[in-house]
Amino acid sequence: MSEFDALIDGYLRFRLGDYRDERERYDRLAQGQSPKVMIIACSDSRVDPTRVFDAAPGQMFVLRNIANLVPPMAAITGQSSVAAALEYAVTSIRVEHIVVFGHARCGGVAAALAGDFDNPVAGRHVHAWMEFIAPARDAVRAACAMHPDIDAERALEQAGVRLSIDNLRSYPFVAQAEAAGEIMLHGVIFDIADGALKVLDRETGQYSVVPVAF
Ligand SMILES: [Zn+2]
């Protein structure tokens, strides 16, 4: 069976399973969406935020890109899928939370640190995109030069989420909604290896693991 055939098989399971079992939900969703949460996550196939948060259809407005980055508004010179999704989520859907969903073992973060994207000829679109994490990468590199015991990848995963949250505030409609108390910005990091979810404390800037009672 090809990978595409596997997709069709999956569709049939969904169509005869959840879609039929939850008829009422899908009838309601057919009328429109009103999710309260926007998630900005990495495209990495291992970290699907709707799975990690056990979310139902209609619960989350999801944007995914390499390394869950939000460019600062000043860097956007033409059309931008990030800016468009953000604007739509905040001004039309009026989501109440935006969650930047980072993850451990992010290939984009590791490659940014390794300098794999520094050669624009090797992949000019990825190179240009990953420039958005450069301020955080440079800060982490400087910190690691002073303190070699720092786990650079972990530090950049965390710094990248903080940077994206800072950049969210460069969009006036986000900053205004936050100032009016209509929206809250959050940062989390998920690790596929142990299932741990870390949440960014907005006051301290530190991450803490969500306790799980097994
Ligand atoms: Zn990633």
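Residues numbered from 1 in each chain as written. Predicted model: local features only at pLDDT ≥ 70, side-chain atom pairs only at ≥ 80, totals over all residues. Heavy atoms only, no water.

Peer 1: How would you summarise helix H6 (residues 107-114) if you had to cite specific residues and measurements?
Peer 2: Looking only at H6, the buried set comprises Gly 108, Val 109, Ala 111, Ala 112 and Leu 113. With its phi angle positive at about 85 degrees, Gly 115 sits one or two positions after the end of H6. (Buried < 20%, exposed > 50% of the residue type's maximum accessible area, 1.4 Å probe, protein only. Helix = DSSP H or I, 4+ residues; strand = E, 2+ residues; numbered from the N terminus.)

Peer 1: Provide a residue-level description of the domain arrangement of the chain, including the pertinent values.
Peer 2: By a widespread convention, an interface's size corresponds to the accessible area lost as its parts come together. Splitting the chain by domain gives domain 1 (1-32) and domain 2 (34-209). Summarising the inter-unit geometry, the C-alpha centres of domain 1 and domain 2 are found 29 Å apart. Facing the four residues of domain 1 at the interface are four residues of domain 2. Both sides of the domain 1 and domain 2 interface together cover about 260 Å² of buried area, and 66% of this is carbon and sulfur. (Domains from an automatic or database assignment. Contact = heavy atoms within 4.5 Å. Buried area = accessible area lost by both parts, 1.4 Å probe.)

Peer 1: Run through the packing of aromatic side chains, naming residues and quoting values.
Peer 2: Taken as a whole, this structure holds eight aromatic pairs when the rule is applied. Where Phe 14 meets Tyr 26, the ring centres are 5.9 Å apart and the plane angle is 85 degrees; that geometry is what we call edge-to-face. In this pair, Phe 14 sits in helix H1 (residues 3-16) while Tyr 26 sits in helix H3 (residues 23-29), placing the two residues 12 residues apart along the sequence. Using a relative accessible area of 35% as the deciding quantity, one classes Phe 14 as partly exposed. With centroids separated by 5.5 Å and ring planes inclined at 70 degrees, the aromatic side chains of Phe 53 and Phe 101 adopt a geometry described as edge-to-face. Residue Phe 53 is located in the loop between helix H4 (49-52) and strand E2 (60-65), and its partner Phe 101 is located in strand E3 (residues 97-103); the two are separated by 48 residues in the primary sequence. A relative accessible area of 28% places Phe 53 in the partly exposed class. Put simply, the rings of Phe 14, Tyr 19 and Tyr 26 touch in pairs and so form one group of aromatic residues. (Phe/Tyr/Trp six-rings, centres within 6.5 Å; stacked < 30°, edge-to-face > 60°.)

Peer 1: How would you explain the environment of Leu 197 if you had to name every residue and give the values?
Peer 2: Tracing the backbone shows Leu 197 in strand E5 (residues 197-200). Using a relative accessible area of 18% as the deciding quantity, one classes Leu 197 as buried. Considering only alpha carbons, one finds Leu 197 and Ser 208, 11 residues apart in sequence, at a separation of 8.2 Å. If near-sequence neighbours (up to four positions away) are discounted, Leu 197 is found in contact with Phe 53, Phe 101, Val 188, Ile 189, Phe 190, Ser 208, Val 209 and Val 210.

Peer 1: So what's going on with the packing of helix H5 (residues 81-93) against helix H10 (residues 172-179)? Residues and values would help.
Peer 2: For the pair H5 and H10, interaxial distance at closest approach is 9 Å and the crossing angle is 30 degrees. When the axis of H5 is compared with that of H10, the two are roughly parallel. Of the two possible hands of crossing, H5 and H10 adopt the one that is left-handed. Judged by residue contacts, Ala 83, Leu 86, Glu 87, Val 90 and Thr 91 of H5 engage Phe 173, Val 174 and Ala 177 from H10. A per-class count over the contact of H5 with H10 returns six nonpolar, one polar and one charged. (Axes fitted to C-alpha atoms, helices over the stretch in contact; angles between N-to-C directions. Parallel < 35°, antiparallel > 145°, perpendicular 65-115°, else oblique. Left-handed = near helix turned anticlockwise from the far one by under 90°. Nonpolar A, V, L, I, M, F, W, Y, C, P; charged D, E, K, R; others polar.)

Peer 1: Report on the pattern of salt bridges, specifying residues and quantitative values.
Peer 2: Taken as a whole and judged by the stated rule, the model has eight salt bridges. Its salt-bridge partner being Asp 27, residue Arg 23 comes within 2.6 Å of it at the nearest N-O pair. Placement of both Arg 23 and Asp 27 in helix H3 is noted, with a separation of four residues, approximately one turn of the helix. By relative accessible area, Arg 23 is classed as partly exposed at 33%. Looking at Asp 27, the relative accessible area reads 39%, which means it is partly exposed. Put simply, Asp 44 and Arg 46 hold a salt bridge, and the shortest N to O gap is 2.6 Å. Judged by its relative accessible area of 39%, Arg 46 falls in the partly exposed class. (Salt bridge = Lys/Arg side-chain N within 4 Å of Asp/Glu carboxyl O.)

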